[in-house]
Amino acid sequence: MDVPVSGFSKKSKQEKIEWLANAYFGDDPEAINTLRKYWNSDTRLQELHDDFTENVISNYYLPFSVAPNFLINDTLYTIPMVIEESSVVAAASNAAKFWLERGGFNAEVISTVKTGQIHIDYFGNGEVLNAFFSEVKNELIDSIADIQKNMKARGGGLIDIELKDATSQLNGYYELHCTFETLDAMGANFINSCLEKIAATFETAALKYDGFNTTLPKIVLSILSNYVPECVVRAWVGCPLESLSYGNTQGKEFAENFVRAIDIAKAEVRRAVTHNKGIMNGIDAVVLATGNDFRAVEAGVHAYAAKSGRYTSLTEAVIENNSFTFSIEVPLALGTVGGLTSLHPLVKFALQLLRKPSAKELMKIVAVAGLAQNFAAIRSLVTTGIQQGHMKMHLMNILNQLQATSEEKEKAIEYFTNNTVSHSAAVEFIEKLRA
Ligand code: MEV
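Residues numbered from 1 in each chain as written. Predicted model: local features only at pLDDT ≥ 70, side-chain atom pairs only at ≥ 80, totals over all residues. Heavy atoms only, no water.

Draft legend 1. Structural detail: the overall build of the chain. When helices and strands are counted, the chain shows 15 helices and nine strands. With respect to the three principal axes, the spread of C-alpha positions in the chain is 90 × 70 × 40 Å. Sorting the 435 residues of the chain into buried and exposed places 42% on the buried side. Nonlocal contacts in the chain, meaning residues at least 24 apart in sequence, comprise 71% of its contacts between residues at least 6 apart. Taking the average location of the 39 positive side-chain charges in the chain and that of its 50 negative ones, the two points are 4 Å from each other. (Helix = DSSP H or I, 4+ residues; strand = E, 2+ residues; numbered from the N terminus. Buried < 20%, exposed > 50% of the residue type's maximum accessible area, 1.4 Å probe, protein only. Contact = heavy atoms within 4.5 Å. Lys, Arg positive; Asp, Glu negative; His and termini not counted. Charge placed at Lys NZ, Arg CZ, Asp CG, Glu CD.)

Right, here's the structure in full:
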C-alpha cells in the first residue's frame, strides 16, 4: 500500500510536484513538464491563481469563447462562454442569429430573494419556543447590524426571520428561516455570516430564558440554501409560425414538432434530464465565464425542475393564434460583485464584455443563454438530428487526436463538408492522405 503523506499542504509547490512525480509517475520528467507547460509566465498572475485554492500545482484550461448577436430586451450582447463541448458555442451563436432576425429575446426578473436556515433541535413545548422567538427576534436582527451595515445602506440585507415548526418532517426539528436581498452579490458569505451570528445570539439568549427549564433548543447547523425558488428569472422568444420555416420544414410543422418535443420532456423524466442538461450547457458556460458558482446554480436549477414533486422540463413551448412562444423560468443566484468578479482577469473581462451588468441583468443574460441552447438542441433534434452538427464540430478534436497537420486539417474540413463525420471516417481519411 502507498504511504500516506503528511504535511502536504505545507510543502512548496515544487516539493508537492516532486512528491507526486515520485509517488505516481515513476519520476517521469514528462509528468512534471505537463504541469509546468500550463503555468503562466506572468508570475503575479500565476500567484493569483495559486491563491484561489489549496495545493495548486498547475492551471486547468477550458476554452473561453464568445457567442455574438444576442438581442435581449433590445440590447445587443456578445456572450462569453466557458465550455469544452464542441458544438455548444456554435449552437448558441446560431440560435442568437436566428432570433435576432425575429425580434430577439425578452427577459424579466421575477424576484431576487435568497434564503438561509438555522436548523434547530428542540424537544420541548413548541409554544415555549414560539414565545422565546417572539421575545428575541429583534435582538437577533440587531446582532447582525455590523455585518449588514453596508448591504443595508445599498438597499439590501436581511428581510425577515421566521420560526418554522418542521416537526412533522422530522421529530424535534425547527428552523429559523431567514430571507435576504443581496443585490449584486451572490451573497453566500454575507448570508452565512449573518446566519452564524444570529445562531450564536439565539443560543446565548436561550441560556438566559426562564421558560425553557432544562429542555433547551440546540443549533444543529446554519447555512444558506442553494434552492432559490424566490430568485427567479423568465426569458422568452416568439414569432408568427410562418417565420419558423427551417430547411425543408414549414413553420407550422416545425413549431408543432418542437412543441411535441417539449411536451415529451415534460412527461418523461429520462428525456427531461437530458433536455435540461442541454439548457445547462448554455447556463453553466456563462455562469463559469462570469466567475459564478456553477455547482450552486446546478443544484438549485434541478431542484426547481422537480418542484412539483416530479422532475420536468424547464422550458415551455406553445402555439397560440398562429404564433409560437418558447420560454424558460429558472432560479439563478448570481453575483456581479464580490467573489472572483474583481480578481480573475478573465472574469473581469467577461463582465466588461457584458457591459458590467447588475446581478439582475446577468440573470436575464444567463437565462437567455439557456433558452437559446435549448432552442438549438430541439431544433436539431426534430429536424436533422443532433449528430450532424455535433460531429462537424467534434471533427477538430478527432483530427487533433490523430495529430493532423494544418494542411491535413484543411483537407479534412473540406472533405467532411459534404460527407458524414465519424471517428472511423476521419481516421480512414487521414490514413489515406498519409499513405
Ligand atoms: C448535449 O450536450 C445536449 C443535448 O443532448 C440536449 C438535448 O438532448 O436536448 C443535445
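Draft legend 2. Geometry of the pairing of strand S9 (residues 323-331). In the sheet, strand S7 (residues 231-240) pairs with S9 via nine bridges, with the strands oriented antiparallel. For Val237, the partnering residue across the bridge sits in S9 and is Phe326. Hairpin connection between strand S8 (residues 315-320) and S9: a loop of two residues separates the two successive antiparallel strands, and Asn321 in this loop has a positive phi of roughly 50°. (Pairing = 2+ DSSP bridges.)

Draft legend 3. Molecular detail of the packing of aromatic side chains. For the structure shown, the criterion picks out 26 aromatic pairs. Of the aromatic side chains, those joined through ring pairs into one cluster are Phe98, Trp99, Tyr246, Phe254, Phe258, Phe324, Phe326 and Phe375. Across from the ring centre of Phe8, 5.9 Å away, lies the NZ or CZ of Lys16, which sits over that ring. In this structure, Arg102 packs its charged tip against the face of Phe98, placed 3.6 Å from the ring centre. (Phe/Tyr/Trp six-rings, centres within 6.5 Å; stacked < 30°, edge-to-face > 60°. Lys NZ or Arg CZ within 6 Å of the ring centre and 35° of its normal.)

Draft legend 4. How the structure looks around the site of the ligand. Near the ligand, the surroundings consist of Glu85, Arg271, Thr274, His275, Lys277, Gly278, Asn281, Ala377, Leu381 and Ile386. Contact between the ligand and Asn281: an oxygen atom at 2.9 Å from a side-chain N or O atom of the residue. Relative to its unbound accessible surface of 300 Å², the ligand loses 84% to contact with the protein. Of all the elements in the fold, those that place two or more residues in the shell around the ligand are helix H9 (269-289) and helix H12 (359-382). For the shell around the ligand, the element with the most residues is H9, which contributes six residues. (Near = heavy atom within 4 Å. Polar contact = N/O pair within 3.5 Å; in protein donor to acceptor, adjacent residues only side chain to side chain. Areas by Shrake-Rupley, 256 points an atom, 1.4 Å probe, with all protein chains shown as cover.)

Draft legend 5. View of the environment of Leu353. In this fold, Leu353 is placed in helix H11 (residues 345-353). Judged by relative accessible area, Leu353 falls into the partly exposed class, the value being 27%. Sequence-wise, Leu353 and Leu340 are 13 residues apart; in three dimensions their C-alpha atoms are separated by 16 Å. What Leu353 contacts, discounting residues up to four positions off in sequence, is Val66, Thr78 and Pro80.

Draft legend 6. A look at the environment of Ala205. The residue Ala205 is located in helix H7 (residues 188-208) in this model. Since its relative accessible area comes to 9%, Ala205 is described here as buried. For the pair Ala205 and Val136, spaced 69 residues apart in the sequence, the C-alpha separation amounts to 7.3 Å. Sequence-distant contacts of Ala205, defined by excluding residues within four places in its chain, comprise Phe132, Val136 and Glu139.

Draft legend 7. Up close: the domain arrangement of the chain. If you check the domain split of the chain, you get domain 1 (8-50), domain 2 (64-111 + 229-384), domain 3 (114-224) and domain 4 (389-434). With centres defined by C-alpha atoms, the gap from domain 3 to domain 4 works out at 60 Å. (Domains from an automatic or database assignment.)

Draft legend 8. Representation of helix H13 (residues 387-401). Along H13, the sharpest change in direction is near 35° and occurs at His394. Among all positions in H13, only Met391, Leu395, Ile398 and Leu399 are buried. Tucked into the core, H13 has its buried residues touching helix H14 (406-417) and helix H15 (423-434). At the exit of H13 stands Gln403, carrying a positive phi of roughly 55°. (Bend = angle between axes of the 7 residues up to and from the residue.)

Draft legend 9. Region of interest: the packing of H14 against H15. Relative orientation of the contacting elements H14 and H15 amounts to 130°, with a least axis distance of 11 Å. Viewed along their axes, H14 and H15 adopt a mutual orientation that is oblique. For the pair H14 and H15, the crossing hand works out as right-handed. Of the residues in H15, those in contact with Glu408, Lys411, Ala412, Tyr415 and Phe416 of H14 are Ala425, Ala426, Phe429, Ile430, Leu433 and Arg434. Grouping the constituent residues of the contact of H14 with H15 by class yields eight nonpolar, no polar and three charged. (Axes fitted to C-alpha atoms, helices over the stretch in contact; angles between N-to-C directions. Parallel < 35°, antiparallel > 145°, perpendicular 65-115°, else oblique. Left-handed = near helix turned anticlockwise from the far one by under 90°. Nonpolar A, V, L, I, M, F, W, Y, C, P; charged D, E, K, R; others polar.)

Draft legend 10. The arrangement of the packing of helix H4 (residues 88-100) against H12 in detail. H12 packs onto H4 with a crossing angle of 95° between their chain directions and a minimal axis gap of 8 Å. Between H4 and H12, the interaxial angle falls into the category roughly perpendicular. Seen from H4, the contacting residues are Val88, Ala91, Ala92, Asn94, Ala95, Phe98 and Trp99; seen from H12, they are Ala372, Gln373, Phe375, Ala376 and Arg379. Residue composition of the contact of H4 with H12, by class: nine nonpolar, two polar and one charged.

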